[in-house]
Amino acid sequence: MPRLSVVVSQGQSANPVRRKLEEDIITGLMLESGLELIVVPHLYDLSADHTGTLALTGIGGNVVVLSWMYERGCRWTLDRLGVRGQAGVSLIQPEEEQDEEETAEAEEKPRVADDRPVPSRRIYCLDLRLKPDAALYIAEVKRIAQESSLKLMGLGLGMGMTAPPSSGAVTAEQQARFVQPTNNTALPLPGNHPTQNVPVAANSAETSLPQLTRIEADTDRRWYPVIDYSRCTNCMECIDFCLFGVYGVDGAETILVEQPDNCRKGCPACSRVCPENAIIFPQHKTPAIAGADLGATESLKIDLSRLFGAPEAGESAADAAIRERDEQLLLAGRAAVGSTIEPTLVPAASKSADGQKDKFDALLDELDRLDI
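Attention here is on the structure that accompanies the text. (Residues numbered from 1 in each chain as written. Predicted model: local features only at pLDDT ≥ 70, side-chain atom pairs only at ≥ 80, totals over all residues. Heavy atoms only, no water.)

Quick look at the overall build of the protein chain
Selection rule: Each helix is a run of DSSP H or I of at least 4 residues and each strand a run of E of at least 2, with the numbering of both proceeding from the N terminus. Burial here depends on accessible area, computed with a 1.4 Å probe over protein chains only, as a share of the maximum for the residue type. Under 20% is buried, over 50% is exposed, and the range in between is partly exposed. Accessible areas in this description were obtained via Shrake-Rupley with a 1.4 Å probe; residue shielding takes into account the shown protein chains only.
Counting its regular elements, the protein chain contains 12 helices and 10 strands. Looking at the protein chain residue by residue over its 372 residues, the buried ones come to 44%. For the protein chain, the exposed area adds up to about 19,500 Å²; of that, 53% sits on carbon and sulfur atoms.

Examining the packing of aromatic side chains
Heads up, the rule is: Pairing of aromatic rings covers Phe, Tyr and Trp, the last counted by its six-membered ring, and requires centre-to-centre distances within 6.5 Å; plane angles under 30 degrees mean stacked, over 60 mean edge-to-face, and any other angle means tilted. Only Lys NZ and Arg CZ are tested; either one counts as a charge over a ring when it is within 6 Å of the ring centre and within 35 degrees of the ring normal.
Applying the stated criterion across every chain yields a total of 3 aromatic pairs. Summarising the aromatic geometry, the rings of Tyr-44 and Tyr-224 are spaced 4.3 Å apart at their centres and angled 20 degrees between planes, so their arrangement reads as stacked. In this pair, Tyr-44 is assigned in the loop between strand E2 (35–40) and helix H2 (51–57) and Tyr-224 in the loop between strand E6 (211–214) and strand E7 (226–227), connecting sequence segments 180 residues apart. For Tyr-44, a relative accessible area of 0% puts it in the buried group. With a centroid separation of 6.1 Å and 70 degrees between ring planes, the pair formed by Trp-76 and Tyr-229 is classed as edge-to-face. A residue pair is termed long-range when its members are at least 10 positions apart, and Trp-76 in helix H3 (residues 71–80) and Tyr-229 in the loop between E7 and helix H7 (237–241) qualify at 153 residues. Judged on exposure class, the residue Trp-76 and its partner Tyr-229 are both buried. Above the ring of Tyr-70, the side-chain terminus of Arg-129 is found at 4.1 Å from the ring centroid. The ring of Phe-241 carries the charged tip of Arg-325 above its face, separated from the ring centre by 4.1 Å.

Concerning the pattern of salt bridges
Let me state the cut-off plainly: Salt bridges are counted wherever a side-chain nitrogen of Lys or Arg sits within 4 Å of a carboxyl oxygen of Asp or Glu.
Under the definition given, this model contains 17 salt bridges. Here Glu-140 ties to Arg-143 by a salt bridge, and the two come within 2.8 Å at their closest N and O atoms. Of the two residues, Glu-140 and Arg-143 are both situated in helix H4 (residues 134–158); the distance of 3 residues between them amounts to about one turn of the helix. By relative accessible area, Glu-140 is classed as buried at 5%.

A look at the sheet that holds strand E4 (residues 86–87)
Selection criterion: Whether two strands pair comes down to DSSP finding at least two bridges between them. Contacts are residue-level and defined by heavy atoms, with any inter-residue pair within 4.5 Å sufficient. A fitted line through C-alpha atoms represents every axis, and for helices the fit uses only the stretch in contact; the resulting angles, taken between N-to-C directions, go from 0 to 180 degrees.
Spatially, 6 strands are ordered E4-E5-E3-E1-E2-E6 in an open sheet, and the strand pairing comes out parallel. At either end of the open sheet lies a strand with only one pairing partner, and these are E4 and E6. Bridging between E4 and strand E5 (residues 122–127) involves 2 bridges; their strand directions are parallel. Among the inter-strand pairings, Ala-87 is bridged to a residue of E5, identified as Ile-123. Running over the sheet, H3 touches strand E3 (63–67), E4 and E5 and is turned about 135 degrees from E5.

What about the environment of Asp-24?
Structurally, Asp-24 is set in helix H1 (residues 16–29). Residue Asp-24 is classed as partly exposed on the basis of its relative accessible area of 31%. Each C-alpha atom, one on Asp-24 and one on Ala-135, is 8.4 Å from the other, the two residues being 111 residues apart in sequence. Contacts of Asp-24, omitting those with residues within four sequence positions, involve Ala-134 and Ile-138.

Some points on the environment of His-284
When you line up the elements, His-284 lands in the loop between strand E10 (279–280) and helix H9 (287–290). Judged by its relative accessible area of 18%, His-284 falls in the buried class. Sequence separation of His-284 and Pro-268 is 16 residues, and the distance between their C-alpha atoms is 7.9 Å. Every residue in contact with His-284, bar those within four places of it in the chain, is listed here: Trp-223, Pro-268, Ile-289 and Ala-290.

Here's the deal with the side chain of Glu-36
Worth spelling out the cut-off: The convention is simple: Lys and Arg are positive, Asp and Glu are negative, and His and the chain ends are not counted.
The residue Glu-36 is located in strand E2 in this model. One buried charge, Glu-36, has no salt-bridge partner; the nearest side chain with opposite charge is Arg-3, at 6.4 Å.

Quick look at the environment of Trp-76
Operational definition: Here a polar contact is recorded for every N or O atom pair within 3.5 Å, except that within protein the pair must consist of a potential hydrogen donor and a potential acceptor, and residues adjacent in sequence are included only if both atoms are side-chain atoms.
A relative accessible area of 11% means that Trp-76 is categorised as buried. Separated by 206 residues in the primary sequence, Trp-76 and Pro-282 have C-alpha atoms spaced 9.6 Å apart. Separated by 3.0 Å, the side chains of Trp-76 and Asp-228 make a polar contact.

Re helix H11 (residues 317–331)
Short version of the rule: For a helix, the expected span equals 1.5 Å multiplied by the number of residues minus one.
Here H11 is 15 residues long and its end C-alpha atoms lie 21 Å apart, about the 21 Å a rise of 1.5 Å per residue gives. Regarding H11, the residues found buried are Ala-317, Ala-320, Ala-321, Glu-324, Arg-325, Asp-326, Gln-328 and Leu-329. Following H11 by one or two positions, Gly-333 adopts a phi angle in the positive range, close to 85 degrees.

Structural notes on the nonpolar core
Under the convention used in this document: Residue types Ala, Val, Leu, Ile, Met, Phe, Trp, Tyr and Cys, when buried and joined through side-chain atoms within 4.5 Å, form a set referred to as a nonpolar core.
Judged by nonpolar contacts, the single largest core of 46 residues is most densely connected at Val-7, Leu-43, Leu-56, Leu-78, Tyr-247, Ile-255 and Phe-281. Every element with two or more residues in this core is listed here: E2, E3, H3, E5, E7, strand E9 (255–257) and E10. The biggest single contributor to this core is H3, with 3 residues. Beyond its immediate chain neighbours, meaning those up to four positions away, Tyr-247 contacts Pro-225, Ile-227, Cys-238, Ile-239, Cys-242, Ile-255, Leu-256, Val-257, Glu-258, Cys-270 and Ile-279. Judged by nonpolar contacts, the second largest core, of 23 residues, contains Val-64, Trp-68, Leu-128 and Ile-144.

Written out as structure tokens, the structure reads:
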């Protein structure tokens, strides 16, 4: 039977409550057959050449990712790492905070995602912050595994495999025999590892026991924007606004985060100026910036200055973005530019002589370690 890949993305801190939930989920899933478990550091902190990234990009089939991020933030962080697929729907969802009549319809515009090919496999993103009970997540993974198996069974029928008897409803026993044949001559079903699809007996220990891979390579805490291409219209507002060289364009002139580590830690200014709320900072304290799905056009119903966490004393989202950018320019030893674009260099008084992190960065790192 093809294995469903389950990825547990660990929290950035060693918070004992979070670690216990992670380990309880892993322990519970180890009792289930047909799973491939992969434990990685926090997705957001993985670099392109990290062992965790290589493990994720090696997954070929359906995958469930459990992380301490909003579903949208997780999905587009995975996309940035090269892990793409159709959005799988989880039954574990946040409580609705808006009535249906308050949610506006998204304006029809060409989106970057419209022209991006996506594999047919499904990716399910589960937010570990929603529920404190490991049993709920274990049950949801089991449900998804069963759903994936039934879909593979349908795929097998489309490929000409023999179907169970059609004189009535297909029984659970028939489904189980089809997905996990009791003989060694059945055709293999497509799975995560095509080269390993060798038919084996159903009672094989290799088939039934979950595989667990733990990747514990060190990571540094990072801060950079993630683009939600299902909302992005390629308007280039972000590349015009950011003065730190974070954004660039690819060969098709599509916006991308080209130099993520140029981003100034704690600065979400570009997300405030994005007209489509397509820029996510998954670790920001404000839900709308961190990837909470508040509706595609919440600006029609909600005061943006409050939505994005700006001060309430009459400051708009654009004013807050300009202020935050100027603060970061000054901390980097450059002149504030206000509403203009081109900066002018000033003596780097606030920068250490060896070019290392300034005091503001060190303070933010210390606050992160407190996990508050």
